[in-house]
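# Architecture at a glance
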Amino acid sequence: MKKLIIFLSVIILLIISGLFYFRSMIQDEDVSQTENLIPDDLPKKALAIFAHPDDEITIIGTMRMLKSQGVETGICYMTRGEAGLNGSIIDVSKIKELADTSLNKLKKVLGQRRTREVDNVANILGLNHHEMFDFPDSGTSDVPLDSLKKVVRSLIRKYRPSILFTLDDKVGLYGHPDHRNVSKAVLEVFEEDKGKTDFSPKKLYQVTLPKDMITFALKIADGFRKNYPKDPTKGLPQADVCVNITPYGRFKRDCMLAHVSQRPTFDDMQPGFATFPPWIYFRIFDREYFHVIN
């Protein structure tokens, strides 16, 4: 029995050592880590604006950290994600209420489903507010940018956030045009209106990834590999700060699981998230990175 215990202890130690070695290969220790995203002299309010339901997964740990600090948090989505239909994104045959549904009705039904998924995420995070708009999923390139900017400005006037979150405007994290369009709208509003007396945000945080994590994503994620720019100079912006999300890993996992319709996407982008306990998994994938625009 003693030998068995020693053997098992060695195996466990080797597994843990391997996981933490892997962590060192994808995380960037040179990026400054912070818990202070809102300047001390500003109201404790944060607002995230994204294109799709599930884009918020990129900042779940950060939003939950802010919530624990007493920050008023909100997330808004420009679309309902109704175009996430093809097999590379979801297998509709495995979703009961979508099976045997005509294509014309499919988008409406999926949009309704994803709206409910967002409601569940909001409950898990304890958001103060969340909103969804009806711009066309995978069709924002046909929408005038000023129309997106008008909604962004209305949200800022309504919620008066001190800081904003969105994806980057160059790549859109992994190449989705909706990501780029919405993020460009947020960036342009921020750059055009900052400094005005009635404009509350003082910082814009764009989600990004460090170099080694991009390399890892290109190896394991089909969607990332297919859409990410081949020219590295056109890739994601540099990471200026990061947030340690290990204490909030359970919330991130639960929010990912709440997006039932998008499970294949998460399995592609973050393999093993539902297999390993959060206290292990989010000690490996333990950071969320941001490019900061003041």
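It should be noted that the structure appears before, not after, this text.
The following refers to the structure shown. (Residues numbered from 1 in each chain as written. Predicted model: local features only at pLDDT ≥ 70, side-chain atom pairs only at ≥ 80, totals over all residues. Heavy atoms only, no water.)

A tally of regular secondary structure across the protein gives eleven helices and eight strands. Taking all 294 residues of the protein together, 51% fall into the buried category. Accessible surface computed for the protein: about 14500 Å², of which carbon and sulfur atoms make up 55%. (Helix = DSSP H or I, 4+ residues; strand = E, 2+ residues; numbered from the N terminus. Buried < 20%, exposed > 50% of the residue type's maximum accessible area, 1.4 Å probe, protein only. Areas by Shrake-Rupley, 256 points an atom, 1.4 Å probe, with all protein chains shown as cover.)

Take the packing of helix 2 (residues 60-68) against helix 9 (residues 249-258) next. Look at helix 2 against helix 9: their axes get within 8 Å of each other, and the N-to-C directions meet at 125°. It follows that helix 2 is oblique to helix 9 by the angle criterion. Crossing of helix 2 over helix 9 shows right-handed handedness. Contacts between helix 2 and helix 9 pair I60, G61 and R64 from the former with F251, K252 and C255 from the latter. When its residues are assigned to classes, the contact of helix 2 with helix 9 shows three nonpolar, one polar and two charged. (Axes fitted to C-alpha atoms, helices over the stretch in contact; angles between N-to-C directions. Parallel < 35°, antiparallel > 145°, perpendicular 65-115°, else oblique. Left-handed = near helix turned anticlockwise from the far one by under 90°. Contact = heavy atoms within 4.5 Å. Nonpolar A, V, L, I, M, F, W, Y, C, P; charged D, E, K, R; others polar.)

Any two side chains of opposite charge can pair if their charged atoms end up close together. Scanning the model with the defined rule gives 16 salt bridges in all. Linking R114 and D54 is a salt bridge whose minimum nitrogen-to-oxygen distance equals 3.2 Å. Placement of the pair is R114 in helix 3 (residues 103-125) and D54 in the loop between strand 2 (45-50) and helix 2, with a sequence separation of 60 residues. Taken individually, R114 and D54 each receive the classification buried, so the pair is uniform in this respect. A salt bridge links K196 to D193; its shortest N-O distance comes to 3.3 Å. Take D193: its relative accessible area is 8%, and that puts it in the buried class. (Salt bridge = Lys/Arg side-chain N within 4 Å of Asp/Glu carboxyl O.)

Let's shift gears to the packing of aromatic side chains. The full count for this structure, using the stated rule, is nine aromatic pairs. Judged by centre distance (6.2 Å) and plane angle (40°), the rings of F216 and F285 are tilted. Taken together, the residues F216 in helix 7 (residues 211-220) and F285 in the loop between helix 11 (278-284) and strand 8 (287-293) connect sequence positions 69 residues apart. Judged by its relative accessible area of 13%, F285 falls in the buried class. A connected cluster of aromatic rings, assembled from ring pairs, spans F216, Y281, F282 and F285. The ring of F251 is capped by R250, whose NZ or CZ atom sits 4.3 Å from the centre of that ring. (Phe/Tyr/Trp six-rings, centres within 6.5 Å; stacked < 30°, edge-to-face > 60°. Lys NZ or Arg CZ within 6 Å of the ring centre and 35° of its normal.)

The strand order 1-7-8-6-5-2-3-4 describes an open sheet built from eight strands, whose pairing is mixed. Here the strands that pair on one side only, and so sit at the sheet edges, are strand 1 (32-33) and strand 4 (129-132). Sheet topology places strand 3 (residues 72-77) next to strand 4; four bridges connect them, and they run parallel. From the neighbouring strand, G74 faces strand 4, where its bridge partner is H129. Contacts between helix 2 and the sheet are confined to strand 2, strand 3, strand 5 (163-166), strand 7 (241-244) and strand 8, with strand 3 contributing the most and set at about 150° to the helix. (Pairing = 2+ DSSP bridges.)

L66 and F165 are the most contacted members of the largest nonpolar core, which has 57 residues in total. Leaving out residues up to four positions away in the same chain, F165 has contacts with L37, A46, L47, A48, I49, I59, T62, M63, L66, L204, Y205 and F290. Counting residues in each nonpolar core, the second largest holds 24 residues, with M78, F133, I156 and V189 among its members. (Core = buried A, V, L, I, M, F, W, Y, C linked by side-chain atoms within 4.5 Å.)

By the element assignment, Q270 lies in the loop between helix 10 (263-269) and helix 11. Residue contacts for Q270: discarding those within four places in its chain leaves K252, M256, Y281 and F285.

The subject of this paragraph is helix 2. Residues of helix 2 that are buried include every one of I60, G61, T62, M63, M65 and L66, and no others. Just downstream of helix 2 lies G70, where phi reads positive at about 85°.

With that settled, the discussion passes to the layout of surface pockets. Of the voids in this model, the largest pocket is the one considered here, and its volume is about 1100 Å³. In terms of lining residues, the largest pocket is bounded by 47 residues, among which L173, Y174, H179, T265 and M269 are the most central. Looking at the lining of the largest pocket, the elements with two or more residues in it are helix 5 (172-175), helix 6 (177-193), strand 6 (203-208), helix 7, helix 8 (222-227), helix 9, helix 10 and strand 8. Residues of the lining of the largest pocket, tallied by class, amount to 22 nonpolar, 15 polar and ten charged. The wall of the second largest pocket is formed by K211, I214, T215, L218, Y228, P229, K230, D231, P232, G235 and L236. Class assignment for the residues of the lining of the second largest pocket results in six nonpolar, two polar and three charged. (1 Å grid on protein atoms, 1.4 Å probe; cavity = no way out; pocket = protein on both sides within 12 Å on 5 of 7 lines; lining within 4 Å. Points joined across faces, edges and corners; volume = space filled by probe spheres on them.)

Let's shift gears to helix 6. Between its first and last C-alpha, helix 6 extends 24 Å over 17 residues, near the 24 Å set by a 1.5 Å rise per residue. Buried within helix 6 we find D178, H179, N181, V182, S183, A185, V186, L187, V189, F190 and D193. Within two residues after helix 6, G195 carries a phi angle of roughly 95°, on the positive side. (Expected span 1.5 Å × (residues − 1).)

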